[in-house]
Amino acid sequence: MAGLELLSDQGYRVDGRRAGELRKIQARMGVFAQADGSAYIEQGNTKALAVVYGPHEIRGSRARALPDRALVNCQYSSATFSTGERKRRPHGDRKSCEMGLQLRQTFEAAILTQLHPRSQIDIYVLQADGGTYAACVNAATLAVLDAGIPMRDFVCACSAGFVDGTALADLSHVEEAAGGPQLALALLPASGQIALLEMDARLHEDHLERVLEAAAQAARDVHTLLDRVVRQHVREASILLGD
Amino acid sequence: MAAGFKTVEPLEYYRRFLKENCRPDGRELGEFRTTTVNIGSISTADGSALVKLGNTTVICGVKAEFAAPSTDAPDKGYVVPNVDLPPLCSSRFRSGPPGEEAQVASQFIADVIENSQIIQKEDLCISPGKLVWVLYCDLICLDYDGNILDACTFALLAALKNVQLPEVTINEETALAEVNLKKKSYLNIRTHPVATSFAVFDDTLLIVDPTGEEEHLATGTLTIVMDEEGKLCCLHKPGMFPPLQS
């Protein structure tokens, strides 16, 4: 690709960020009235919405009910106008199903499912500009907290890549499209446990440590931010309640 | 106590308010909820708008693509609306293929576009018989609290006003289209249709802009679409028993 340097000599990326720098994140909780919990997050140009309904009774076949814990159901869809080319099938295509499955696996690790019969989590992406999985997980964490469902810890996610011997944190769409290795990491920050780790493309095993560390550090930065958002929200809610 | 009464006898609870000519959220019978609109926030779409009618939230994204026109209308483009009611907007919707309500809403929006002539399809023509624009208008409901048709119509109009199409010329030698992204122009919006929905209570009372609960308790609903010249574009009265006296 002529003229597009993912990392300049001075260490600046395409959008002017440094290697380990995150995009600007803005988040809000409790955006929808119908849902039990909802959250909206903007990471750079990626906008993700997460909505939580539950815990409620099993819908459909009662046979699916687990006797000792809740069933977490995640659905991911992205708006047809969210990518450069119009997406013809917003639901039910392979990528959406895979994403839904990954989200479910991530949240089953974090939610204390033994305490409830069933929860349903629906996650919606409005505009995709790279780092879709990470934005979805961060939005879903806030939504689950807004719904009051008990979790082991925050789940913070970030993507990372590797260019010219440097690990880059929080990839934008341009950087993802360039085709280098991409790592998606979902972390439980307090214990440092990994909820989900996924990597695409080839990466030499010697570099894995560095990329993983970049993603983990970025996830911890995201945690600081989400924590601040939650505290702010609780403070506002308690002011309204007159405490 | 009021909450208990509301759960056991929702209709009676409502009638108590209607007798005083007001509604539980404090509105008059003819009053709309607070409406906010945010235009152009989605940069990947060619035009977008987010409308909030009280709690009901609808987002519309318009994407323009090339298409070959049909042989019986070689100089007409297409406007393709689609309303999506995903499970996230309300627990009454399941995931899967579009349900009845979404399909009815999609058809309603298609009728409004057709009848009110918001856009002349000839304006979407680039090269007659060869290339036309097709505008895919995707309306997604994010929060369902009644009166979805009004919100969708409003979001669609706002998004269409926000759409900027680049200039396209057909290169004579190669017969390929050349898009000039630097030169963009707005669509020519001819009319501004506005939808107003009513819910009918006890066959006599008409209330404007019903919330989700009110729609559920009403005996019927009615939607009227009019443009700024006072012309009626569309009347939607889905069933009702007994029929309304004129």
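Model, not experiment: these values are computed from the prediction. (Residues numbered from 1 in each chain as written. Chains lettered and ligands numbered in written order. Predicted model: local features only at pLDDT ≥ 70, side-chain atom pairs only at ≥ 80, totals over all residues. Heavy atoms only, no water.)

The next subject is the nonpolar core. Membership of the largest hydrophobic core comes to 55 residues, with the highest contact counts inside it found for A:I41, A:L103, A:F107, A:Y133 and A:L142. Beyond its immediate stretch of four places on either side in the chain, A:L142 contacts A:A27, A:M29, A:A39, A:L226, A:V229 and A:V230. Core analysis: the next-biggest nonpolar cluster, separate from the first, contains 45 residues, B:A49, B:A102, B:I119 and B:A159 among them. (Core = buried A, V, L, I, M, F, W, Y, C linked by side-chain atoms within 4.5 Å. Buried < 20%, exposed > 50% of the residue type's maximum accessible area, 1.4 Å probe, protein only. Contact = heavy atoms within 4.5 Å.)

Turning our eyes to something else, we now look at the sheet that holds strand β10 (residues 205-208) of chain B. By definition, the strands of a sheet pair up through backbone hydrogen bonds, in either a parallel or an antiparallel sense. Residue and element names in this part refer to chain B. If you walk across this open sheet you meet the four strands as β10-β9-β11-β12, and the pairing is antiparallel. Each having just a single partner strand, β10 and β12 (232-236) make up the two edges of the open sheet. Along the sheet, successive strands turn relative to each other by an average axial angle of 25 degrees, direction set aside. Sitting on the sheet, helix α4 (residues 148-162) is in contact with β9 (194-201), β11 (220-226) and β12, with an inclination near 175 degrees to β9. (Pairing = 2+ DSSP bridges. Helix = DSSP H or I, 4+ residues; strand = E, 2+ residues; numbered from the N terminus. Axes fitted to C-alpha atoms, helices over the stretch in contact; angles between N-to-C directions.)

All names here are of chain A. At their nearest, the axes of helix α1 (residues 94-110) and helix α2 (residues 132-146) sit 11 Å apart, and the two run at 45 degrees to each other. If you check the angle between α1 and α2, you find them oblique. Between α1 and α2 the crossing geometry is right-handed. Facing α1, whose interface residues are M99, Q102, L103, T106 and F107, α2 presents T132, Y133, C136, V137, A140, T141 and V144. (Parallel < 35°, antiparallel > 145°, perpendicular 65-115°, else oblique. Left-handed = near helix turned anticlockwise from the far one by under 90°.)

All right, on to the side chain of B:T57 then. Tracing the backbone through its elements, the reader meets B:T57 in strand β3 (residues 56-67). Only 3.1 Å separates the side chain of B:T57 from the backbone oxygen of B:N55, close enough to count as a polar contact. Contact partners of B:T57, with chain neighbours within four places excluded, come to A:F32, B:L50, B:V51, B:K52, B:I140, B:C141, B:L142 and B:D143. (Polar contact = N/O pair within 3.5 Å; in protein donor to acceptor, adjacent residues only side chain to side chain.)

Let's shift gears to the interface of chain A and chain B. Every contact between the two is made by 24 residues of chain A and, on the other side, 29 residues of chain B. When chain A packs against chain B, the two sides together hide about 2,300 Å² of surface, and 56% of this comes from carbon and sulfur. Seen at the junction of chain A and chain B, the total is zero salt bridges. Counting the contacts that link chain A with chain B gives nine residue pairs in polar contact (both at pLDDT 80 or more). (Buried area = accessible area lost by both parts, 1.4 Å probe. Salt bridge = Lys/Arg side-chain N within 4 Å of Asp/Glu carboxyl O.)

On to the UniProt feature "domain: Exoribonuclease phosphorolytic" (unreviewed entry) in chain B, then. All names here are of chain B. The UniProt record marks residues 31-166 and 193-239 with the feature "domain: Exoribonuclease phosphorolytic" (unreviewed entry), using the residue numbering of this structure. Secondary structure content for residues 31-166 is 24% helix and 37% strand, and the end C-alpha separation is 41 Å. Between the end C-alpha atoms of residues 193-239 there is a gap of 23 Å, over a span that is 13% helix and 51% strand. (UniProt positions renumbered as here; feature names shortened; annotations may be inferred.)

This brings us to helix α3 (residues 100-116) of chain B. Residues and elements named next belong to chain B. Taking 1.5 Å of rise per residue, the 17 residues of α3 would be expected to cover 24 Å, and the 24 Å separating its terminal C-alpha atoms lies within 8% of that figure. Where α3 is buried, its residues touch β4 (78-84), β6 (131-143), α4, β11 and β12. Directly after α3, the chain includes Q117, whose backbone phi takes a positive value near 55 degrees. (Expected span 1.5 Å × (residues − 1).)

Below, the discussion takes up the environment of B:S106. Residues and elements named next belong to chain B. Along the chain, S106 falls in helix α3. The spacing of S106 and S41 is 65 residues in sequence and 23 Å in space, taken between C-alpha atoms. Apart from residues lying up to four places away in sequence, S106 is in contact with P81, N82 and V83.

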